[in-house]
Structure formats: C-alpha cells, structure tokens
Amino acid sequence: MPLNNLPLELFAIAVILAAGAAVFCAVVRDLGHYARWERIAYCYPLGLAALGTPMFLLSYFGVHLDVVVITGIAIVSLVVVAATRRVSPRKFWQAGAVARQPAQPFTEFEWLLFAIIVFSLGARTMASLLAPLNDWDGVCVWGIKAKVLFYDTVKTSDYFYKPEYAFSHPNYPLLWPFMYAWVCTVLGNWDDLGMLILNPVNLIVFSALMYWTLRRYVTRTVALAVTAIMASLPALVHYAECGQADVTLMLMFGASLFCLFDWMNHRRRDSLWLSAFLMGGALFTKQEGQIVFAALLCAGGVYVFVAQRSNWKPLLGQVVMFAVIAVIWALPWLLFQRGIKDWSWDFSGVSLSAIRWNQIPKLVQVLFANAVNWNNQVHLPKWNILWPILAFCLLVNRSVWRCPWVCLLIVFVIHAIGISCVFLASRWDITLPALEIAMERFTFVMLTPLWLILAKCADDAWTIWKKPPASEAAPVIGGANRPSSPRAVARGA
Amino acid sequence: MSQTKPQPAIGKAQRLLASLVLLALLVQVLLFFVGLDDPIHRIKVLWGKKLEERRAIVWQPGSALKAIAERFPPASRLYLMYPQPLVHWNSVYYFYPRLVTVTMTNATYRTDGEYAAWNERPTESWLITNGFNYVMNFKNGGQVWEVRPGIGAELSQAEDTNASQ
C-alpha cells in the first residue's frame with residue numbers, strides 16, 4: 001500500500017482541523033460541554049466549512065490554491081482566536097476532564113460492537129487508500145471541478161460558462177472539489193488517489209460525532225450499537241469510497257443537526273451558532289444543502305412555537321440568527337451560482353409548476369422498493385433490515401413523537417418531501433431503475449436524524465428489558481425520559 | 001418522570017415489544033458483514049498492485065483515457081470528432097489540463113440523441129485560429145492528426161473512408 005504521501009495528506013487534514021479549531025474556540029465558551037475527542041472531531045467539519053468560503057473567494061479573485069496562503073489563514077486565525085479567548089492547547093485538550101467520572105470498562109458485548117465499528121471503518125479506509133477515483137459522478141461531476149480548481153481558478157477558467165460542460169453540472173457547489181484540490185495542492189501534483197484520503201475521514205468523523213451525540217441521551221451500549229449499525233450500513237460503506245459529495249453533506253448536515261438538537265435540549269446558544277456555521281458549509285457542499293437548511297429551519301421554528309410558548313421571542317430571534325449566519329457564510333457562492341446558466345437536461349428550468357403530481361403513486365412505490373429491497377440494481381446490498389426496524393420503532397414508541405424528538409422527525413419528513421419534489425419536477429422517469437442510485441445517496445443523508453430516533457427507541461426498549469417484570473418499578477416504553485447519563489450529570493448539563 | 005413517584009409496572013405486551021425491538025436491532029447489528037463484502041473484495045483485488053493496474057481494474061475506460069491523454073503535452077488543445085457521451089465526459093476529466101472540445105459552436109451535448117446528431121467537423125481555419133494542436137477521431141479507433149496547414153483535406157478524407165466502411 002503506497003504510504004509515501006501519507007505525511008503530506010495528514011498535513012492537509014491538520015490544516016483543516018486547525019481552521020476548524022479556530023471556529024470552535026471562537027464560538028464555544030464552555031469547552032467542557034464536549035468530550036475531548038468530540039471537540040477534535042467537530043474541528044473537521046468546521047474546518048471544511050471555514051476553509052471552503054475563503055478558498056472560493058481567493059479563487060474568484062484569481063488566486064490559485066497555495067499551501068502557504070491557506071495554512072497561513074488557518075494558523076493565524078487559530079492563534080488570534082486562542083489569544084483572544086485565552087484557550088491554550090492544553091486547555092483545549094483537558095477541558096472538562098476533571099468533572100468527568102471514570103468510565104466503566106466495556107462489557108464483552110460492547111467490545112463486540114466496538115470491534116464492528118473499527119473493522120467496518122478500517123476496511124473502508126484501506127479500500128479508499130487503494131482505489132483511485134473511479135465512480136461516474138466522482139469523475140464527471142466532482143473530479144472535473146476539483147481538477148479545474150487545482151490547475152486554474154474560478155476567475156480564469158471558462159468551465160462555469162461553457163455549455164459543453166453541461167453534463168458535469170457546473171452550477172453544483174464547490175466545497176468538496178476545493179478540498180480535493182487542497183490535498184493535491186499540498187501533495188504538489190494532481191493525485192486522484194491521494195486526495196481520496198478525505199473520504200474515509202468523513203465517515204470516521206461522522207461516526208465519532210454521532211456516537212458522542214448519542215451518549216448525551218442514551219446508554220453507552222445503545223450508542224455503540226446504533227453507531228455500529230451506521231458504520232456497517234452497506235450503502236453507506238459503499239459510497240464512502242466514491243468521490244461524491246453525499247457523505248460530505250451527511251457529515252456537514254449531521255454535525256449541524258447534532259448541534260441544533262443540543263440547542264433544543266440545553267438552550268446553549270454556542271451550539272446553535274456552531275450549527276449555523278456548519279449549515280453554511282452544507283449549503284456550499286451540495287444543492288441538497290438548501291433542502292436540509294429549510295428542514296432544520298422548520299424544525300427550529302416548530303421547536304420554538306410548540307415547546308416554548310412562554311419564551312418564544314428570544315428563541316425565535318436565535319433561529320433567525322441561525323439562518324442569517326448560514327446564508328451569510330454561503331453567500332459568495334450563492335451569488336456566484338446565480339450567474340451560472342443551468343444547461344443540464346434533467347434539472348434545468350424545474351420549478352414548482354413542473355411537479356408531476358400524477359406521478360406521486362409511482363414515486364411512493366419507488367421509495368418503498370428503495371427501502372425494502374435487499375440489493376440494488378448493480379447487486380450491492382442496501383440497508384439490510386433497517387427500514388422495517390425504523391417503521392416498527394416509530395409505531396411502538398411514543399416518546400419520539402414528543403418535543404424535541406419529534407423535531408428530528410420533522411427534519412426527516414421535510415427532507416424527504418423536498419427530495420421527492422425534486423424527483424417529481426425533474427425530467428427523470430419515475431421508475432426504480434432510473435432513480436435508485438441517486439435515491440440511495442439521498443437516503444443515507446436523510447437517515448441522519450433517524451439515527452437519533454432509533455437510538456432513543458432502542459434505549460427505551462433497553463430500559464424496559466433490563467427491569468424485572470411487574471414486581472419492580474420501571475418506565476413505560478416511550479413514556480419517560482431516562483435519567484441523565486453519568487457524564488451529563490458530571491458536567492452539570 | 002420523577003424518580004420518587006411510583007412507576008407503572010411493565011406489562012407483558014410492553015416487554016414483548018421491547019424484546020422485539022432489541023431483537024431486530026441485534027439482527028441488524030449482526031448483519032454487519034453484509035456491508036463489508038464490498039470493501040474487502042476491493043482490498044483483495046487491489047492489494048499488491050501498482051497504481052495504474054489498480055486504476056485499470058476499478059475503471060478501465062478511465063485508465064485507457066489517462067494513458068492516451070499523457071501522450072499529449074499538458075498545454076495542448078484537442079478537438080474530438082464523433083464523440084460518444086461516456087468517452088467525451090471522461091475525456092474532459094482525464095485530459096485536463098489539456099483542453100478537449102467537441103464543438104465549434106458552443107453547443108450543448110447532453111442526451112444520447114444530441115450526441116448521435118453530432119455534426120461539427122472542424123475546418124482548418126477554425127482549428128488554427130483557435131489554437132488547437134490536435135484532432136482525434138473517436139469513430140475510427142482514436143486516429144490523431146496534428147493541426148497544420150492542409151489538415152482540412154486529411155480530415156475530409158478520413159470522413160470519406162469512414163463513410164464507406
């Protein structure tokens with residue numbers, strides 16, 4: 001396995017982490033609210049969002065990606081923020097460690113779950129380090145953009161304006177191509193194997209963030225089990241190798257959602273600002289970012305009006321601020337994007353009036369088949385039995401239908417409706433062969449809020465199952481929130 | 001729920017539902033190996049091979065196009081005749097920073113029908129005026145011409161040859 005470029009690839013990732021650490025330290029006042037490795041994990045998506053927009057602005061003004069310039073931006077930002085906030089590396093590393101209780105050792109079952117997570121992520125990482133860019137969208141949509149940004153700039157390239165390139169959707173956002181180009185810039189040459197080092201990092205960081213988010217609300221065993229299911233999900237494991245932006249969007253959207261949910265539970269404004277910044281990154285990652293932005297905004301609005309009737313004004317102001325921060329961070333791209341004509345045959349010119357309402361029954365059939373089919377049309381396994389489990393859990397569990405958990409369901413529903421409208425308004429045939437591959441990618445992004453729901457249902461079931469029958473007191477399934485985890489208690493959360 | 005209040009006893013139905021949820025989750029967890037099939041197969045197939053060999057395994061057209069592209073100087077400009085969608089789209093990536101184009105008229109090519117209707121054989125003056133260095137014909141197995149005075153006749157000859165085949 002070629003590892004000679006690994007130090008430079010790790011340097012490229014370290015710069016992303018440094019940029020993210022600057023944002024994290026600038027926004028978060030109570031570092032101890034987050035676990036140590038959770039803080040570092042958050043730095044990665046924050047770094048992607050933090051570097052994406054400056055890279056775009058520099059390229060827009062004709063400045064090529066440059067190792068010294070980008071590293072300088074990240075390091076100077078980090079030093080300035082650390083000095084202003086008085087956050088030393090030691091403080092960043094040790095914050096909250098005193099209050100934390102020593103962890104119980106893993107049980108055998110937890111070791112098994114941990115091994116499944118490590119083995120799944122490890123196998124995908126190894127495969128990613130061996131296979132150069134090869135998938136269709138990776139080459140013809142995202143790879144070409146990355147190559148343009150590596151050799152050229154937004155200002156000097158005619159890529160965005162030539163109708164001949166319509167097949168590659170020049171109007172698609174550029175955060176992910178910029179990151180591929182960034183790794184190649186550090187490597188000093190175009191390397192469509194080396195740049196894919198970011199792909200497994202996306203999945204690893206998402207797994208880590210999801211686990212620590214789940215730990216705030218459920219027991220360790222359940223958090224590990226749901227993380228193991230996510231990390232070994234066939235469709236996700238497959239697409240984690242591809243050079244497409246879907247797993248990246250899942251990471252940005254997921255990190256944003258986790259922070260938003262933290263705000264709903266703890267009213268920490270820091271978390272909401274982090275969520276907003278990450279959502280700005282999601283808007284610059286895929287067109288679909290606009291749908292998830294709308295979904296989070298609606299969920300935030302519902303939370304304010306349904307759960308907080310007596311205190312809705314300041315909270316509504318915070319939700320508005322969330323939207324403003326996200327849009328401002330993505331604004332340079334959004335403005336530039338308006339000037340790119342969409343020549344593509346499948347999505348160009350689509351609008352609400354183009355929705356084929358009579359195709360809804362067919363779309364429902366396709367959605368159902370996508371959820372329950374074991375293999376897809378190229379004989380790759382999809383979801384195992386995840387969707388039937390989710391449906392069953394939603395049927396038998398009542399607590400996830402209450403605020404703030406129901407807000408997660410709202411995010412999922414709005415996301416699913418948004419994607420359905422895109423399909424209905426496009427020129428694609430509403431058939432499984434035509435839509436399945438794209439739908440799989442949309443689906444694992446949509447799953448993000450459902451992981452939390454699944455964990456909540458599993459935790460409620462686990463709580464009931466552990467109790468002896470009838471003779472002792474126990475919560476009704478879905479009827480009560482479990483007591484805070486020891487870690488949350490220790491932090492005073 | 002307050003910890004001090006008496007809590008209702010767990011009924012059999014609730015225990016059964018909880019057990020079903022946990023059992024289903026356990027099954028899903030234990031199906032972890034299903035998703036591992038793809039990356040492990042990749043590792044087994046690619047391990048120990050050189051980069052270009054691996055590229056040829058995972059995406060053979062990409063490997064072939066990359067090899068063709070590397071025969072041309074990085075600053076060259078190529079005009080592709082009789083493009084097919086897959087070849088054209090992949091060429092744009094694998095040839096870059098070499099510029100490739102299939103159109104003199106800034107036309108949009110996206111559907112199979114549009115590619116089938118392709119009819120933009122370049123003229124000698126247009127190629128020279130726009131700084132193109134090479135012309136490649138996909139119709140006859142990738143024949144390449146260097147752009148120079150007199151190429152127009154060669155291109156039309158190639159066209160006749162193909163027409164008679």
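Model, not experiment: these values are computed from the prediction.

> Hey, could you go over the overall build of chain A for me, with residue numbers and the actual values?
Helices and strands together make up the secondary structure of chain A, namely 19 helices and zero strands. In terms of overall size, chain A behaves like a compact globule, its C-alpha atoms giving a radius of gyration of 22 Å where 493 residues would be expected to give roughly 23 Å. Expressed along its principal axes, the backbone C-alpha trace of chain A runs to roughly 75 × 60 × 55 Å. By the burial criterion, 52% of the 493 residues in chain A qualify as buried. The long-range share in chain A, meaning contacts at least 24 apart out of those at least 6 apart in sequence, stands at 80%.

> Describe the interface of chain B and chain A, listing the residues and the values that go with them.
Taken together, the contacts link 52 residues of chain B with 62 residues of chain A. Among the elements of the structure, helix 1 (12-30), helix 2 (32-46), helix 3 (51-58) and helix 5 (85-95) of chain B are those that each provide at least two residues to the side of chain B that touches chain A. With twelve residues, helix 1 of chain B is the largest single contributor of residues to the side of chain B that touches chain A. In terms of residue class, the side of chain B that touches chain A is built from 33 nonpolar, 13 polar and six charged.

> Quick one: what's the story with the packing of helix 16 (residues 386-396) of chain A against helix 1 of chain B, residue by residue and with numbers?
Helix 1 of chain B packs onto helix 16 of chain A with a crossing angle of 160° between their chain directions and a minimal axis gap of 10 Å. Between helix 16 of chain A and helix 1 of chain B, the angle is such that the two are roughly antiparallel. The chirality of how helix 16 of chain A crosses helix 1 of chain B is left-handed. Across the interface between the two elements, A:L386, A:I389, A:F392, A:C393 and A:V396 from helix 16 of chain A touch B:L17, B:V21, B:A24, B:L25 and B:Q28 from helix 1 of chain B. Partitioning the contact of helix 16 of chain A with helix 1 of chain B into residue classes produces nine nonpolar, one polar and no charged.

> Mind laying out the nonpolar core, listing which residues take part and the relevant values?
Among the nonpolar cores identified, the biggest contains 196 residues, and A:V226, A:A455 and A:A458 are the most heavily contacted of them. A per-element tally of this core places helix 18 (residues 432-466) of chain A first, with 18 residues. When residues of this core are assigned to domains, at least three fall in each of domain 1 (13-47) and domain 2 (67-164) of chain B. Every residue in contact with A:A455, bar those within four places of it in the chain, is listed here: A:L214, A:Y217, A:V218, A:V222, A:A223 and A:V226. Counting residues in hydrophobic clusters, the runner-up holds six residues, among them A:A123, A:A127, A:L129 and A:L130.

> Provide a residue-level description of the pairing of strand 3 (residues 134-137) of chain B, including the pertinent values.
All names here are of chain B. By the alternation rule, side chains of strand 3 split into Y134 and M136 and V135 and N137, which are all buried. Sheet topology places strand 1 (residues 77-81) next to strand 3; four bridges connect them, and they run parallel. Directly across from Y79, in strand 3, lies its bridge partner V135. Across four bridges, strand 3 lies against strand 4 (residues 143-146) in antiparallel orientation. Residue pairing for strand 4: Y134 is matched across the bridge by E146. Count of turn residues in the strand 3/strand 4 antiparallel hairpin: five residues, of which G141 carries a positive phi of about 80°.

> Lay out helix 4 (residues 60-69) of chain B with the relevant residues and their values.
For helix 4 of chain B, the set of buried residues is B:G62, B:S63 and B:L65. Tucked inside the fold, the buried residues of helix 4 of chain B contact helix 6 (136-151) of chain A together with helix 3 and helix 5 of chain B.

> If you had to explain the domain arrangement of chain B to someone new, which residues and values would you point to?
Partitioning chain B into domains gives domain 1 (13-47) and domain 2 (67-164). One C-alpha centre belongs to domain 1 of chain B, the other to domain 2 of chain B; they are set 50 Å apart.

> Please set out the sheet that holds strand 1 of chain B residue by residue, giving values where relevant.
All names here are of chain B. Strands sit in the order 2-1-3-4 across an open sheet of four strands; the sheet is mixed. Every other strand in the sheet has two partners, leaving strand 2 (99-101) and strand 4 as the edge strands with one partner each. Strand-to-strand, the axes of this sheet are offset by a mean angle of 25°, without reference to chain direction.

> Any details on unusual backbone geometry? Residues and values, ideally.
Among all residues save glycine, negative phi is the norm, and among peptide bonds the norm is trans. Residue A:P404 follows A:C403 across a cis peptide bond; omega there is 5°. In this structure, A:P404 sits in the loop between helix 16 and helix 17 (405-425). Cis geometry is found at the peptide bond from B:Y96 to B:P97, where omega equals 15°. With respect to the secondary-structure elements, B:P97 resides in the loop between helix 5 and strand 2. Positive phi values are uncommon outside glycine, yet A:R86 reaches one of about 55°. Residue placement: A:R86 occurs in the loop between helix 3 (67-85) and helix 4 (89-94). With a phi close to 50°, B:Y82 is a non-glycine residue in the positive phi region. For B:Y82, the location among the structural elements is in the loop between strand 1 and helix 5.

Analysis parameters
- Residues numbered from 1 in each chain as written.
- Chains lettered and ligands numbered in written order.
- Predicted model: local features only at pLDDT ≥ 70, side-chain atom pairs only at ≥ 80, totals over all residues.
- Helix = DSSP H or I, 4+ residues; strand = E, 2+ residues; numbered from the N terminus.
- Rg over C-alpha atoms; globule rule 2.2 N^0.38 Å.
- Buried ≥ 20, exposed ≤ 12 C-beta atoms within 10 Å, placed from the backbone.
- Contact = placed C-beta atoms within 7 Å.
- Nonpolar A, V, L, I, M, F, W, Y, C, P; charged D, E, K, R; others polar.
- Axes fitted to C-alpha atoms, helices over the stretch in contact; angles between N-to-C directions.
- Parallel < 35°, antiparallel > 145°, perpendicular 65-115°, else oblique.
- Left-handed = near helix turned anticlockwise from the far one by under 90°.
- Core = buried A, V, L, I, M, F, W, Y, C linked by C-beta atoms within 7 Å.
- Domains from an automatic or database assignment.
- Pairing = 2+ DSSP bridges.

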